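Given next are the chains, with one letter for each unit.
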Amino acid sequence: MPRLSEVITALETLWPAERAESWDAVGTVVGDPEQEVTRVLFAVDPVQEIVDEAVKLGVDLLVTHHPLYLRGTTTVAASHFKGRVVHTLIKNDIALHVAHTNADSADPGVSDALAGALDLRVVGPLVPDPTDPEGRRGLGRVCELDQPLTVRALAARAAERLPATAQGIRVAGDPEAVVRTVAVSGGSGDSLFDEVRAAGADAFLTADLRHHPVSEAVAHSPLALLDAAHWATEWPWCELAASQLDEISDRRGWNLRVHVSKTVTDPWTAHAASTTTDSTGAPN
């Protein structure tokens, strides 16, 4: 059985910490480097329900995409929800490791997994990493469809292929426009509109789109925007990451048992659809 330090070293070859954004908080949050690891759980969010699942499964290592502490803290008291997470992990000898923006820009990374879930063929990164001589790493991905689809049909595919959430898929732009090239970016992507237009994409699928940037974007060009739940766009990475660790485990004879959490930790829990699609005016 490998020690935690050996498993973390392997994970760092996939997602080196130095490739994370300067504002990010990645790496090992909790864990004894000498502890043995036999079972690993991948999830998007390091929240209490995921930690409770890790305890129930008897895992030794929890790997999440989102950081537990993105900003500094002065306490890990169990009276606070994040402190309670730390206490639960330590009491149950579970390590926590985070791969965030270093997994976003990896090859393959978060957006590759998103493209794969939608059966899109990746052409290259949306924002290339200038330190990668092969031009494969970077934020987001530019993709092609095997056959053109309407925006409506692409949104329906995303709703079917991505994990179900209360939000579903929102669309801005002409639902009947034809899409051949799609840009995707797991997580919040409304800072990438210029790069998406420069790539010549017909549509952009991402998450956390806000009113004003979207309003300006659709006025600027015929680019269609598809807005999915943040958690749903990043969950496919958990399956990709688990398969990568499985391959390492098999190659090194570790015999790890690797799990992917299917617990929905998207914070939105319900959706009430509008009773009419009439857009002629607001209610009096």
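Keep in mind it's a predicted model, so treat the numbers as computed, not measured.

Asks: Is there a simple way to think about the environment of I169 in this case?
Replies: Turning to its location among the elements, I169 is positioned in the loop between α6 (151-161) and β7 (170-172). Judged by relative accessible area, I169 falls into the partly exposed class, the value being 22%. Along the sequence, I169 and A158 sit eleven residues apart, while their C-alpha atoms lie 7.2 Å from each other. When sequence neighbours within four positions are dropped, the list of residues in contact with I169 reads A155, A158, A159, L162, L226, D227 and A228.

Asks: How do you make sense of helix α1 (residues 4-14) when you look at a structure like this?
Replies: Every α-helical turn comprises 3.6 residues, leaving residues that sit three or four positions apart pointing alike. Three or more residues of α1 are buried, namely L4, V7, I8, A10 and L11. The arc enclosing the buried residues of α1, seen along the axis, measures out at 160°, which places them on a common side. Among the structural elements, β1 (27-30), β3 (61-64), β4 (95-98) and α9 (230-252) are those in contact with the buried residues of α1.

Asks: Looking at this model, I keep getting lost on the nonpolar core. Mind explaining?
Replies: Looking at soluble globular proteins, one finds that nonpolar side chains tend to be buried together. With 53 residues, the main nonpolar core has W15, F42, L61 and W237 as its most contacted residues. The next biggest cluster of nonpolar side chains, apart from the first, holds 15 residues, and it includes A43, L68, V86 and L96.

Asks: What should I look at first to understand the sheet that holds β7 in this one?
Replies: Picture the strands of a sheet paired through backbone hydrogen bonds; they go either parallel or antiparallel. Taking strand neighbours across the sheet as the criterion, the six strands line up as β5-β6-β8-β9-β10-β7 in an open arrangement whose pairing is mixed. Each end of this open sheet is capped by a strand with a single partner; those strands are β5 (121-128) and β7. Between one strand and the next, the sheet's axes are offset by a mean angle of 25°, whatever the strand orientation. Across four bridges, the pairing between strand β8 (residues 178-188) and strand β9 (residues 203-207) is parallel. Note on β9: the bridge partner recorded for V182 is A203. With respect to the sheet, α6 is in contact with β6 (138-150), β7, β8, β9 and β10 (224-228), its orientation differing from that of β6 by roughly 115°.

Asks: It is not clear to me how the sheet that holds β3 should be interpreted in this structure. Could you clarify?
Replies: Read from one edge of the open sheet, five strands run β1-β4-β3-β2-β11, paired in mixed fashion. The open sheet is flanked by β1 and β11 (257-260), the only strands paired with a single partner. Taken over all neighbouring pairs, the strand axes of this sheet differ in orientation by 25° on average, direction set aside. Helix-sheet contacts for helix α2 (residues 48-57) involve β2 (39-43), β3 and β11, and the interaxial angle to β2 is about 160°.

Asks: Is there a simple way to explain the environment of A17 in this structure?
Replies: Of note, A17 is situated in the loop between α1 and β1. Through-space distance from the C-alpha of A17 to that of V98 is 9.5 Å; in sequence the pair is 81 residues apart. Discounting chain neighbours no more than four positions away, the residues touching A17 are E12, V26 and N102.

Asks: What's the story with the state of the cysteines in this structure? I'm lost.
Replies: By definition, a disulfide links the sulfur atoms of two cysteine residues through a covalent bond. Considering all chains together, one arrives at zero disulfides under this definition. Not part of a disulfide, C143 finds its nearest cysteine sulfur in C238, a span of 19 Å.

Asks: Before we go on, may I ask you to explain the pattern of salt bridges in this structure?
Replies: Here the idea is simple: oppositely charged side chains can pair when their charged atoms come close. Tallied over the entire structure, the rule returns twelve salt bridges. The partner of R3 in a salt bridge is E6, with the nearest N and O atoms 3.7 Å apart. With a shortest N-O distance of 2.7 Å, D107 and R136 are connected by a salt bridge. Placement of the pair is D107 in the loop between α4 (101-104) and α5 (110-117) and R136 in the loop between β5 and β6, with a sequence separation of 29 residues.

Asks: What is the right way to look at the layout of surface pockets in this model?
Replies: Summary: where empty space remains is shown by rolling a probe the size of a single water molecule over the atoms. Looking at the largest pocket, its volume works out to about 600 Å³. W23, H66, H100, H230 and E234 are the residues nearest the centre of the largest pocket, which is lined by 28 residues in total. Breaking the lining of the largest pocket down by element, the ones donating at least two residues are α3 (81-91), α4, α5, β6, β8 and α9. Element by element, the count of residues in the lining of the largest pocket is highest for β8, at four residues. Taken together, the residues of the lining of the largest pocket sort by class into eleven nonpolar, eleven polar and six charged. As a volume, the second largest pocket reaches approximately 470 Å³. Residue lining of the second largest pocket: 14 residues in total, with Q167, I169, R170, V171 and H271 positioned closest to the centre. Broken down by secondary-structure element, the contributors of at least two residues to the lining of the second largest pocket are β7, α8 (211-220) and β10.

About the thresholds
Residues numbered from 1 in each chain as written. Predicted model: local features only at pLDDT ≥ 70, side-chain atom pairs only at ≥ 80, totals over all residues. Heavy atoms only, no water. Helix = DSSP H or I, 4+ residues; strand = E, 2+ residues; numbered from the N terminus. Buried < 20%, exposed > 50% of the residue type's maximum accessible area, 1.4 Å probe, protein only. Contact = heavy atoms within 4.5 Å. Arc of directions from axis to C-beta. Core = buried A, V, L, I, M, F, W, Y, C linked by side-chain atoms within 4.5 Å. Pairing = 2+ DSSP bridges. Axes fitted to C-alpha atoms, helices over the stretch in contact; angles between N-to-C directions. Disulfide = S-S within 2.5 Å. Salt bridge = Lys/Arg side-chain N within 4 Å of Asp/Glu carboxyl O. 1 Å grid on protein atoms, 1.4 Å probe; cavity = no way out; pocket = protein on both sides within 12 Å on 5 of 7 lines; lining within 4 Å. Points joined across faces, edges and corners; volume = space filled by probe spheres on them. Nonpolar A, V, L, I, M, F, W, Y, C, P; charged D, E, K, R; others polar.

Don't take any of this as a statement about function, it's just geometry.
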